[in-house]
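# Survey of secondary and tertiary structure
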Amino acid sequence: MAAKIKRIAINTGGGDAPGLNAVIRAVVISAANKGWEVVGIRDGYNGLLLPQDYPDGGVIPLTRTTVRGITHLGGTILGTTNKGNPAKYPTQDKHGRWYEADRTGELVKLFKKNKIDALIALGGDGSLGIANLLAQKGLRVIGVPKTIDNDLKGTVATFGFDTAVAFATECLDRLHSTAEAHRRVMVVEVMGRYAGWIALNAGISGTADAILIPEIPYDLSKVADSIKYLETRNKHFAIVVVAEGAKPRGGQACVVSKELGRQEKLGGVGEQVARELQELTGRECRTVVLGHLLRGGSPTTFDRLLSLRFGAAAVRALEEGRSGVMVALDPPKVRYVPLAQATQRLKTVPRDCDSVLTARSLGISFGD
Ligand code: F6P
C-alpha cells in the first residue's frame, strides 16, 4: 500500500503546447479537493536544481486562486525548457569545459528534501522518458502526454495537437486565395520533427496538393509532375505542406544547429523545397514557415477538455496508488499505460493508415 500523499508537485517540460495551463488547473483543483497541497516547479526541473536562480525559490505554491482563469491560456504559468534534461544536464568541469551530467539521483533527493510525495510531469517523449527514469529511482510519478506533434505512443491523442492542426488548417485556407491570385506555389513548413501528423491532418483538411512528411522520403520531381498535372486541369496554383523533419529520398532532415543537452534544432526544409520546385516547375514558389505559431493561442475545446480530463485522471491515479504510468486517451476512456511502454518509441504516421490512403484517394502527392 502506497504512503499517504500530502504534497505533490507539477512541472512542464520540453516545448510548450496549448492545454498545459488547463492540465495544471485540473491537477490543482482535484488535489485541493482531496486536501493535498500542490507546488509547481519552474522551468522543467530547473526550479529544484537551481533554486538560487529564482527570486521565488523555483518551487511555488499552487492554489485555487493561482489557477483561476487560466484554462484558455496558451503557454505555461510554470515556464518550461528543452535544455534542462537532468539525465544529460549541461555542466562545466573545473577547466571550464562543458559536458552532460546525470543529475537524476540528486533530483530524487531534492524531491524528498522539499517534502514532495509525488510528481505529475507534463511532457512529450523526452520529458516523459525523464519521468520514467525518476520513477525507476523511486519517485512516485504520473505522466501527462503533451505535444503538438501527437507522436506519443499509448494515447490516441496528446493535448495541443488539435489546436495546432486547427490553426495550420486556417492558415492553409487563407493561403489559397493569394496563391490563386498570383498563380504561385505556396510551400508551408509546419512543425513535426519525427512524425508528420500535423502536416498530414492539416494538409488534408486544408486541401493541399502535396504533403511531405518524415515517414515518406520525397522525390521533388514527383511533386513537380503533380503540380504540372494540375495545370492541365486549369488549376494554376498549388499548396505544398512540408513537415520540418521531412527529408528527400536518400537524404537528411535540415538541421540548423546542435547544442549540448538538447535535440538538434530543425528548420529550412520549406525554403529548400520551394527553391527546388521553382526550378523544376518554372512557377514562382514562396515559403511560409508556421513554426512556433502552431504552439500559440488558446486551446481548442477538444484540447481543453482533454487537458482537464488528463489532469483530473493524473490525480486519481496517484490516489489509487499508481506510479510510473502515463494517462492516455483511449476513447471513451482515459486509461493508464506504463511510462516505459509509452516512451519506448514514437508514434509515427503508418504509410498505410487511413489518412494517408484518404490523401492518396484525393490525389494529394507525397512525393513518392
Ligand atoms: O516537440 C514539438 C516541437 O514542436 C517539434 O516539432 C519541434 O522540432 C520542436 O518542438 C521545436 O522546439 P523548440 O524550437 O522550442 O526547440
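The structure contained in this document is the topic of the report that follows. (Residues numbered from 1 in each chain as written. Predicted model: local features only at pLDDT ≥ 70, side-chain atom pairs only at ≥ 80, totals over all residues. Heavy atoms only, no water.)

## What about the nonpolar core?
The biggest cluster of nonpolar side chains holds 37 residues, and the ones touching the most others in it are V190, L200, I211, I239, L294 and F366. When residues of this core are traced back to their parent elements, those giving at least two are helix 5 (161-182), strand 8 (185-190), helix 6 (197-205), strand 10 (238-243) and helix 11 (354-361). Top contributing element to this core by residue count: helix 5, with eight residues. Not counting residues within four places of it along the chain, the set of residues in contact with I239 comprises L172, L175, H176, A179, M186, V188, A208, D209 and A210. (Core = buried A, V, L, I, M, F, W, Y, C linked by side-chain atoms within 4.5 Å. Buried < 20%, exposed > 50% of the residue type's maximum accessible area, 1.4 Å probe, protein only. Helix = DSSP H or I, 4+ residues; strand = E, 2+ residues; numbered from the N terminus. Contact = heavy atoms within 4.5 Å.)

## Quick notes on the pattern of salt bridges
In total, this model carries 15 salt bridges according to the counting rule given. One salt bridge in this structure joins D16 and R295, with 2.9 Å as the shortest N-O distance. Here D16 is found in the loop between strand 1 (7-12) and helix 1 (20-32), whereas its partner R295 is found in the loop between strand 13 (285-289) and helix 9 (301-319), with 279 residues between them in sequence. Note that D93 is salt-bridged to R97, the shortest N-O span being 3.3 Å. Taking the relative accessible area as the measure of exposure, D93 reaches 25% and is therefore partly exposed. Residue classification places R97 among the exposed positions, given a relative accessible area of 52%. One network of salt bridges, with partners in common, ties together R184, E284 and R286. (Salt bridge = Lys/Arg side-chain N within 4 Å of Asp/Glu carboxyl O.)

## Quick look at the site of the ligand
Taken together, N82, I148, D149, M191, G192, R193, E244, R262, H292 and R295 make up the full set of residues near the ligand. Separating an oxygen atom of the ligand from a side-chain N or O atom of R295 is a distance of 2.7 Å. Relative to its free-state accessible area of 400 Å², the ligand is covered by the protein chains to the extent of 81%. With respect to the pocket detection grid, the ligand is positioned in the largest pocket. By residue class, the composition of the shell around the ligand is two nonpolar, three polar and five charged. Of the domains in this structure, domain 1 (7-159 + 299-331) and domain 2 (163-294 + 350-361) are the two that each give at least three residues to the shell around the ligand. (Near = heavy atom within 4 Å. Polar contact = N/O pair within 3.5 Å; in protein donor to acceptor, adjacent residues only side chain to side chain. Areas by Shrake-Rupley, 256 points an atom, 1.4 Å probe, with all protein chains shown as cover. 1 Å grid on protein atoms, 1.4 Å probe; cavity = no way out; pocket = protein on both sides within 12 Å on 5 of 7 lines; lining within 4 Å. Sits in = over half its atoms within 2 Å of the grid points. Nonpolar A, V, L, I, M, F, W, Y, C, P; charged D, E, K, R; others polar. Domains from an automatic or database assignment.)

## A closer look at the packing of helix 7 (residues 220-232) against helix 8 (residues 269-281)
Across the interface, helix 7 lies against helix 8 with an axial gap of 9 Å and an inter-helix angle of 55°. When the axis of helix 7 is compared with that of helix 8, the two are oblique. Note on packing geometry: the crossing formed by helix 7 with helix 8 is right-handed. Contacts between helix 7 and helix 8 pair L220, S221, V223, A224, I227 and K228 from the former with V273, E276, L277, L280 and T281 from the latter. By residue class, the composition of the contact of helix 7 with helix 8 is seven nonpolar, two polar and two charged. (Axes fitted to C-alpha atoms, helices over the stretch in contact; angles between N-to-C directions. Parallel < 35°, antiparallel > 145°, perpendicular 65-115°, else oblique. Left-handed = near helix turned anticlockwise from the far one by under 90°.)

## What about the sheet that holds strand 13?
A sheet is described by the order of its strands in space; here four strands give the open sequence 9-10-8-13, paired in parallel fashion. Across the chains shown, the open sheet's two edge strands, defined by having one partner strand only, are strand 9 (210-212) and strand 13. Put simply, the sheet's adjacent strands are angled 20° from each other on average, direction ignored. Two elements, strand 8 and strand 13, share five bridges in a ladder whose sense is parallel. Within strand 13, the position partnered with V188 by the bridge is V288. (Pairing = 2+ DSSP bridges.)

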